[in-house]
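Fold and contact review
Residues per chain, in single letters:
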Amino acid sequence: MSAPFVVAAVPIGPAGRDPAPRWREAEAGIVAAAAAGAGLVILPELFALPYIAGEAPEGWTHLIEDEDGPTTLRMSAAAHASGVAVLFGLALRAGHGRPLNAARLARPDGHVETVAAKIHLPPAGDGEPYGEADHFAPGAPRVTAVAVGPVRVATLICYDRRFPECWRAAAAAGADVVAVMVGGPAPADPEGLFAAELQAGARANAVYAVAASRYGTETVTGRPVRHDGETLAFGPDGGPLARAPRGGHRPVLVPIDPGRLVHARETNATARRLRLPLAS
């Protein structure tokens, strides 16, 4: 019997003005995940950049990259060297307007494609003059899935996980795994809400939910900004699979079991029982 396909989620720590330390942290995580047998590595939202949504956008335009920019080149090289696909986030230039908060997939053969752009941009926080919508343009309102090895993977970027329609669209696109890429603060969230959102999405839609999140507190803007997500995974029946300690930097490894997917879909086929149409 062949070994299961393994998905790894790599947590990434606080960023500053120089993305190079976070590139190196990601590359080390990719090497570790590959050594553990992973076929896909998921990195967090905007993994090499500080969380600057509350700041004036004009002070951070240097962080925007083209499709052949340095983050893509580094992650593509890491995918080729390690032999695993790498899903990573960056601020991607989109014409002459605001950039996209995008997810790109680098394959070991050198092919790189944009697979998602953040659809829902959260409002400015209490007392904040700016929010994510001041820095980014919203992505197209669609969720797609792409084949990576034997599985199909859909990507939700941070706030998009809050919307059940995104999970439904991922399942409708044929996803086996929903990769959730996370960064930034969520100070109003009650303890446990983040995990509950992923668990509910996984169970209701019979998909694996695998989140890669930022950790730690950044001070590059002159005030503390804490990353509040977690790096963890749930099975398609909602069962917990793996969880990184808060502040931990080791990859979370998730073997994808086709039999578990089939069983979840046969015994908890919520999607087939839904009578309401998907939101457009």
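These remarks concern the structure in this document. Worth saying up front: this structure is predicted, and the values here are computed from it rather than measured.

1. Section: the packing of helix H1 (residues 20-35) against helix H2 (residues 70-82)
It is at 10 Å that the axes of H1 and H2 come closest, and there the two elements cross at 20°. Taken together, the axis directions place H1 and H2 in an arrangement best described as roughly parallel. Handedness of the crossing formed by H1 with H2: right-handed. Side by side, H1 and H2 meet where Trp-23, Arg-24, Ala-26, Glu-27, Ile-30 and Ala-34 of the first sit next to Pro-70, Thr-71, Arg-74, Met-75, Ala-78 and Ser-82 of the second. For the contact of H1 with H2, the class distribution of residues is seven nonpolar, two polar and three charged.

2. Some thoughts on the sheet that holds strand E13 (residues 240-243)
Strand pairs in the sheet, formed through backbone hydrogen bonds, run parallel or antiparallel to each other. On the basis of which strands lie adjacent, the open sheet formed by six strands has the order E6-E7-E8-E9-E12-E13 and mixed pairing. Edge positions in the sheet fall to strand E6 (145-148) and E13, since each has one partner strand and no second. Strand-to-strand twist across the sheet, computed as the mean angle between neighbouring axes with direction ignored, equals 20°. Bridge count between E6 and strand E7 (residues 151-157): four bridges; the pairing is antiparallel. Bridge pairing in E7 links Val-146 to Val-153.

3. Digging into the sheet that holds strand E1 (residues 5-9)
The strand order across the open sheet built from six strands is E5-E4-E3-E2-E1-E14, with neighbouring strands paired in mixed fashion. On the outer flanks of this sheet lie strand E5 (112-117) and strand E14 (252-256), each paired with one strand and no other. The mean inter-strand angle of the sheet, taken between neighbouring strand axes irrespective of direction, is 25°. As paired strands, E1 and strand E2 (residues 38-42) are joined by four bridges and run parallel to one another. Bridged to Ala-8 within E2 is Val-41.

So, how was this worked out
Residues numbered from 1 in each chain as written. Predicted model: local features only at pLDDT ≥ 70, side-chain atom pairs only at ≥ 80, totals over all residues. Heavy atoms only, no water. Axes fitted to C-alpha atoms, helices over the stretch in contact; angles between N-to-C directions. Helix = DSSP H or I, 4+ residues; strand = E, 2+ residues; numbered from the N terminus. Parallel < 35°, antiparallel > 145°, perpendicular 65-115°, else oblique. Left-handed = near helix turned anticlockwise from the far one by under 90°. Contact = heavy atoms within 4.5 Å. Nonpolar A, V, L, I, M, F, W, Y, C, P; charged D, E, K, R; others polar. Pairing = 2+ DSSP bridges.

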